[in-house]
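Structural overview for review
One letter stands for each residue in the lines below.
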Amino acid sequence: MQPSGTLEATSFYDTRELKRTLERLVDFDRLNAGLRRFSVGAVNVRTGNFVYFDTTTHTIRPEHVMASGALPPGFPAIEIEGEHYWDGGLVSNTPLQWVVESEPRRDTLAFQVDLWSARGDFPRTMLNAMTREKEIRYSSRTRAGTDQFKRIQKLRCAAAGLLEQLPEHLKNSPEARLLGTVADRKVFNIIHLIYRARNYEGHSKDYEFSRASMEEHWRAGYHDAPCGTPRFWSGPKISKGSSPSTSCRTVGSDWQRASNECRLAVGSPSRASRQAD
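What comes next is a walk through the structure. If you're wondering where the values come from, they're calculated on a predicted model, not measured in any experiment.

The next thing to look at is the packing of aromatic side chains. A complete count under the given rule lists five aromatic pairs for this structure. With 5.8 Å between their ring centres and 85° between their planes, Tyr-13 and Phe-75 make a pair best called edge-to-face. Taken together, the positions of Tyr-13 in the segment before α1 (16-25) and Phe-75 in the loop between α3 (62-68) and β3 (78-80) put the pair 62 residues apart, joining distant regions of the chain. Judged by relative accessible area, which is 32%, Tyr-13 ranks as partly exposed. You can call Phe-75 buried: its relative accessible area is 17%.

Encoded structure:
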């Protein structure tokens, strides 16, 4: 037993060695040089507020990366500037909004990775129930976030089309200028990758980091990564004046893992299609 009030009393693992590993493997000076934008999310343990550590607003250090993965009770909270932080997944496990609402807006290819599947069997034991509860909790906002973004993007496209049809004397009105700040025809390809757990993975899979488990996950990721990948890089065609469409299809390397591709083609012909490969 660890003394009450210490970080060791609230977690199963000691992550100090992880800090040394990050310092050894990551060139943080290069990460902060501005060549690429880097963002990680965490939740303030005291306030419950979600926060992003971003190279545009912070100098990223190992502690910021560790905070974004400090999922309790496996990992301890990470202290940054006098505050303690846990994994941002407690609030939003797939914060798509942070990516798609970044300024300036541009055509975007986003890979959204879910380590927990929303679909699963009805639990038959207490341990099954604990596992299923975590799956639902950590995956529930993924679909809601994507559906909300698709709706907003369709409104942006509709606003852009409406502004193009306004007579000249209305284009400089306050209302038109306000709509112009949100209207655009940007294209977003959102590739949704969902991990399908093996039957023997239980409620401890969010903090079970044994060498055997990690090597198994690495092999699975390496095996699945090439599956269907070339198709993801081709953007949808856009025809001016047409309405948005969405196409979704599922591809996978085996019954345990699959990749669900959701392509939001704003400005392409109005057509929704679903295809199982």
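Another point: the nonpolar core. A general tendency of soluble globular proteins is for nonpolar side chains to be buried together. In terms of nonpolar packing, the biggest core is built from 13 residues, with Ala-42, Phe-53, Ala-67, Ile-78, Ile-80 and Tyr-85 touching the most fellow members. Secondary-structure elements contributing two or more residues to this core are β1 (39-44), α3 and β3. In this view, Ala-67 contacts Ala-42, Phe-53, Ile-78, Ile-80, Tyr-85, Trp-86 and Asp-87; residues no more than four positions away in its chain are not counted.

Let us look at the environment of Arg-132. Summarising the element assignment, Arg-132 is placed in helix α5 (residues 126-165). In this structure the C-alpha to C-alpha distance between Arg-132 and Gly-202, which are 70 residues apart in sequence, comes to 9.1 Å. Apart from the residues lying within four places of it in its own chain, the contact partners of Arg-132 are Ser-117, Ala-118, Arg-119, Gly-120, Asp-121 and Pro-123.

This paragraph deals with the environment of Thr-21. Its place among the elements puts Thr-21 in helix α1. Here Thr-21 falls in the partly exposed class, since its relative accessible area comes to 24%. Put simply, Thr-21 and Pro-62 are 41 residues apart on the chain and 9.2 Å apart in space, counted from C-alpha to C-alpha.

The buried fraction of strand β6 (residues 188-194) is high, at six of seven residues. Two elements, strand β5 (residues 108-114) and β6, share seven bridges in a ladder whose sense is parallel. Paired with Thr-108 across the bridge in β6 is Phe-188.

Here we take up the environment of Arg-196. Mapped onto the fold, Arg-196 is located in the loop between β6 and α8 (211-224). Taking the C-alpha atoms as reference, Arg-196 lies 6.4 Å from Ser-117; in sequence the two are 79 residues apart.

On to the pattern of salt bridges, then. Scanning all chains against the criterion turns up 11 salt bridges. In this structure, Glu-135 engages Arg-132 in a salt bridge whose closest nitrogen and oxygen atoms are separated by 2.7 Å. Linking Glu-135 with Arg-132, this pair stays in helix α5, spanning three residues, or about one helical turn. Assessed through its relative accessible area of 13%, Glu-135 is described here as buried.

Bringing the sheet that holds strand β2 (residues 50-54) into the picture now. Sheet architecture is open: four strands sit in the order β2-β1-β4-β3, paired in antiparallel fashion. The sheet is open, and its two borders are formed by β2 and β3, each paired with just one other strand. Taking each pair of neighbouring strands and ignoring which way they run, the sheet shows an average axis angle of 50°.

Now for α8. For α8, spanning 14 residues, the distance from its first C-alpha to its last is 20 Å, which sits close to the expected 20 Å at 1.5 Å a residue. Turning to α8, its buried residues are Ser-213, Glu-216, Ala-220 and Asp-224. Taken around the axis of α8, the buried residues stretch over an arc of 65°, which confines them to a single face. Among the exposed residues of α8, those oriented more than 90 degrees off its buried face are Arg-211, Trp-218, Arg-219 and Tyr-222.

Definitions and cut-offs
- Numbering of residues starts from 1 in each chain and follows the order in which that chain's sequence is written.
- In keeping with the predicted nature of the model, local features appear solely for residues at pLDDT of at least 70, side-chain atom pairs appear and are counted solely at 80 or more, and the whole-chain, interface and lining totals rest on all residues.
- The basis for every side-chain value is the complete set of heavy atoms in the structure, and neither hydrogens nor water enter the calculation.
- Here is the rule: rings of Phe, Tyr and Trp (six-membered ring for Trp) pair when centre to centre is within 6.5 Å. Planes less than 30 degrees apart are stacked, more than 60 are edge-to-face, and the remainder are tilted.
- Each helix corresponds to a stretch of at least 4 residues labelled H or I by DSSP, and each strand to a stretch of at least 2 residues labelled E; elements are numbered beginning at the N terminus.
- The classification of residues rests on relative accessible area computed with a 1.4 Å probe and restricted to protein chains. Under 20% of the type maximum is buried, over 50% is exposed, and intermediate values are partly exposed.
- Note on terminology: a nonpolar core comprises buried Ala, Val, Leu, Ile, Met, Phe, Trp, Tyr and Cys residues joined through side-chain atoms within 4.5 Å.
- Residue contacts are defined here by distance: any two heavy atoms, one from each residue, within 4.5 Å place the two residues in contact.
- The rule for pairing is simple: two strands pair if DSSP sees at least two bridges between them.
- Just to be clear on terms, a salt bridge is a Lys or Arg side-chain nitrogen sitting within 4 Å of an Asp or Glu carboxyl oxygen.
- Helix axes are fitted only over the stretch in contact, all axes being lines through C-alpha atoms; the angle between N-to-C directions runs from 0 to 180 degrees.
- Each residue after the first adds 1.5 Å to the expected span of a helix.
- Working note: the arc is built from the helix axis to C-beta atom directions.

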